[in-house]
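Structural features, examined
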Amino acid sequence: MEIVQWVLIAIAVVFIVSRFMPVKGVTQMTVQEVKNKLKDRKVQFIDVRTPQEYKANHQKPFKNIPLHELMNRCNELDKQKEVVVICQSGMRSMRAAKILKKQGFGKITNVKGGMGAWI
């Protein structure tokens, strides 16, 4: 019985750690690095927060595609262009990056700290 408990604990730890690990092939950028890219027309800027969060506070040129809609709206994005993803803290945007990666997007950037770090 004791071995089973340790195995279950190990599986739980691996699961939790994997949720916080960076996605392979996804770049992490600071807010300042992203601000330097805002005028680059070869980059798509996506905000995956809820419409209410987006309406309350957002930055141009970020387009709002809520995380729960992203799978169905990937066709609105160009797979050949870089995608910069932001949310409130960086957690939802990492999940969005995983979705985009699975959908065949090649260059994906997550904003470290999200809108909470935007100064």
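Residues numbered from 1 in each chain as written. Predicted model: local features only at pLDDT ≥ 70, side-chain atom pairs only at ≥ 80, totals over all residues. Heavy atoms only, no water.

As recorded in an unreviewed UniProt entry, the protein chain goes by the name Rhodanese-like domain-containing protein, listed as coming from Virgibacillus dokdonensis.

**Details of the overall build of the protein chain**
Scanning the protein chain for helices and strands turns up five helices and five strands. Counting helices and strands in the order they occur from the N terminus, the protein chain gives α-β-α-β-α-β-α-β-α-β. Principal axes of the C-alpha set define a box for the protein chain whose edges measure 60 × 30 × 25 Å. Taken over 119 residues, the protein chain has a buried fraction of 36%. A sequence separation of at least 24 residues applies to 68% of the contacts in the protein chain between residues at least 6 apart. Only carbon and sulfur atoms are counted for the fraction: they give 60% of the accessible area of the protein chain, which is about 7700 Å². Treating the 21 positive side-chain charges of the protein chain as one cloud and the 9 negative ones as another, the clouds have centres 3 Å apart. (Helix = DSSP H or I, 4+ residues; strand = E, 2+ residues; numbered from the N terminus. Buried < 20%, exposed > 50% of the residue type's maximum accessible area, 1.4 Å probe, protein only. Contact = heavy atoms within 4.5 Å. Areas by Shrake-Rupley, 256 points an atom, 1.4 Å probe, with all protein chains shown as cover. Lys, Arg positive; Asp, Glu negative; His and termini not counted. Charge placed at Lys NZ, Arg CZ, Asp CG, Glu CD.)

**A few points about the pattern of salt bridges**
Tallying each qualifying case throughout the model produces six salt bridges. Close ionic contact of Glu-82 with Lys-37 constitutes a salt bridge, the shortest N to O distance being 2.5 Å. Taken as a pair, Glu-82 in strand S4 (residues 82-86) and Lys-37 in the loop between helix H2 (31-35) and strand S2 (43-47) lie far apart in primary sequence, 45 residues in all. Taken as a pair, Glu-82 and Lys-37 share a single burial class, namely buried. Residues Arg-73 and Glu-76 are paired through a salt bridge, measuring 2.8 Å at the closest nitrogen-oxygen approach. (Salt bridge = Lys/Arg side-chain N within 4 Å of Asp/Glu carboxyl O.)

**Considerations on the sheet that holds S4**
In spatial order, the strands read S1-S5-S4-S2-S3; together these five strands make up an open sheet with parallel pairing. Strands at the two margins of the open sheet, each flanked by one partner only, are strand S1 (26-29) and strand S3 (63-64). In the sheet, S1 pairs with strand S5 (residues 108-111) via four bridges, with the strands oriented parallel. Paired with Val-26 across the bridge in S5 is Ile-108. (Pairing = 2+ DSSP bridges.)

**Some thoughts on the nonpolar core**
Counting 18 residues, the largest nonpolar core has Val-48, Leu-70, Val-85, Leu-100, Phe-105 and Ile-108 as the members making the most contacts within it. Counting residues per element, the ones that place at least two in this core are S4 and helix H5 (91-102). If one sorts the elements of this core by residue count, H5 sits on top with five residues. The contacts of Val-48, once residues within four sequence positions are left out, are Ile-65, Pro-66, Leu-67, Val-85, Ile-86, Cys-87, Arg-92, Ser-93 and Ala-96. By size, the runner-up hydrophobic cluster in this structure holds eleven residues, among which are Met-29, Val-34, Ile-86 and Trp-118. (Core = buried A, V, L, I, M, F, W, Y, C linked by side-chain atoms within 4.5 Å.)

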